[in-house]
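# A structural walkthrough
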Amino acid sequence: MNAVRYRTGSGDVRLGRLDGETITDAGPSGPEGFVPTPENWRLIADASGDTCAVGDVQLLHPVEPRKILAIGLNYRDHAEESELEIPEVPVVFSKATSALIGHGETIVVPREETRPDWEAELAVVIGRRTYRASLADALDAVGGYTAINDVSGRRAQLETPLRQFVYGKSFDTFAPLGPSIASVDGVDLADVQVSSRIGDEVLQDSNTRNLIFSVAEIIEYLSRGITLEPGDVIATGTPGGVGDGRDPKRYLQPGEVIEVSVSGVGTLSNPVQYEQ
């Protein structure tokens with residue numbers, strides 16, 4: 001089952017159940033968007049309102065999280081292309097929630113950023129308040145899954161000796177999220193395909209079988225010191241194939257459309273333009 005948040009032609013923001021290319025209305029959205037609690041999933045399952053085609057509405061990023069936590073270097077091939085050692089514990093950083101945009105919205109690259117890059121990732125959306133989860137119970141915290149493009153300004157990220165992740169990854173529009181949230185029973189964590197492409201050019205194509213730290217391990221680690229709240233988003237890392245790891249290097253160009261696909265969730269598509 002997949003939930004979406006969308007804006008109608010009249011400007012109303014609604015929640016709905018996504019079945020293929022059809023949305024069944026589930027009622028108005030609150031300011032927090034779709035928080036994947038059991039109660040809200042029942043609302044989506046029972047949706048019986050008007051229907052509309054996906055192409056007739058604007059899909060929004062489905063949730064308004066309090067925080068976005070992200071894991072770096074969580075696929076072996078990405079660590080290798082970055083010429084960095086395989087980490088012994090998860091590498092954690094954050095992205096500003098002000099960077100969020102939805103499916104179809106434009107990634108706008110700041111004038112100063114000369115190396116805008118893509119990172120396709122499976123994202124976890126928390127469904128219940130969690131602190132100090134055990135490894136065995138960690139997945140109980142998950143309310144659903146979505147896709148995120150951890151767009152990264154490599155110039156800003158790498159211009160200091162200590163690699164300032166947060167700034168270059170938090171520019172406005174640098175966190176496309178969506179297009180839907182998939183229920184936990186709709187995603188097999190052991191076999192999630194994560195890919196990105198521009199047109200016919202496949203950029204990344206990997207599987208969660210290649211994660212260094214599993215979703216359960218990530219949640220157990222993060223919740224040792226951070227309370228995870230319903231609606232919070234965890235980006236689980238990107239596979240190899242990012243632009244900065246290529247030879248020659250390749251970055252997002254104005255006029256391109258970057259697509260991030262996560263099996264069970266769908267394809268998140270965003271055009272690119274440079275700030276004038």
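So, here's what we can say about the structure. This one's a predicted model, so the numbers in the text were calculated from it and none came from an experiment.

### Things to note about the nonpolar core
When a protein is soluble and globular, its nonpolar side chains tend to lie buried together. With 31 residues, the main nonpolar core has Val124, Tyr145, Ile219 and Ile234 as its most contacted residues. For this core, the element with the most residues is helix H5 (residues 215-222), which contributes five residues. Each residue touching Ile234, except ones within four places of it in the same chain, is listed here: Leu69, Leu122, Ala123, Val124, Ile126, Ile218, Ile219, Leu222 and Leu228. Core analysis: the next-biggest nonpolar cluster, separate from the first, contains 22 residues, Phe34, Ile44, Val63 and Ala99 among them.

### Quick notes on H5
Counted residue by residue, H5 has six buried out of eight residues, so it is predominantly covered. Listed in full, the buried residues belonging to H5 are Val215, Ala216, Ile218, Ile219, Glu220 and Leu222. On its buried face, H5 sits against strand E6 (68-72), strand E7 (91-95), strand E11 (120-126), strand E12 (142-149) and strand E17 (233-235).

### Here's the deal with the pattern of salt bridges
Following the criterion strictly, the structure yields 20 salt bridges and no others. Here Arg154 ties to Glu119 by a salt bridge, and the two come within 2.7 Å at their closest N and O atoms. Here the residue Arg154 occupies a position in helix H3 (residues 154-158), and Glu119 occupies one in the loop between strand E10 (116-117) and E11, the gap between them amounting to 35 residues. With a shortest N-O distance of 2.8 Å, Arg250 and Glu256 are connected by a salt bridge. Its relative accessible area of 15% is what places Glu256 among the buried residues. Overlapping salt bridges bring together Lys95, Asp117, Glu119, Asp150, Arg154 and Lys169 as one network.

What counts as what
- Residues numbered from 1 in each chain as written.
- Predicted model: local features only at pLDDT ≥ 70, side-chain atom pairs only at ≥ 80, totals over all residues.
- Heavy atoms only, no water.
- Core = buried A, V, L, I, M, F, W, Y, C linked by side-chain atoms within 4.5 Å.
- Buried < 20%, exposed > 50% of the residue type's maximum accessible area, 1.4 Å probe, protein only.
- Helix = DSSP H or I, 4+ residues; strand = E, 2+ residues; numbered from the N terminus.
- Contact = heavy atoms within 4.5 Å.
- Salt bridge = Lys/Arg side-chain N within 4 Å of Asp/Glu carboxyl O.

By themselves, these figures tell us nothing about what the structure is for.
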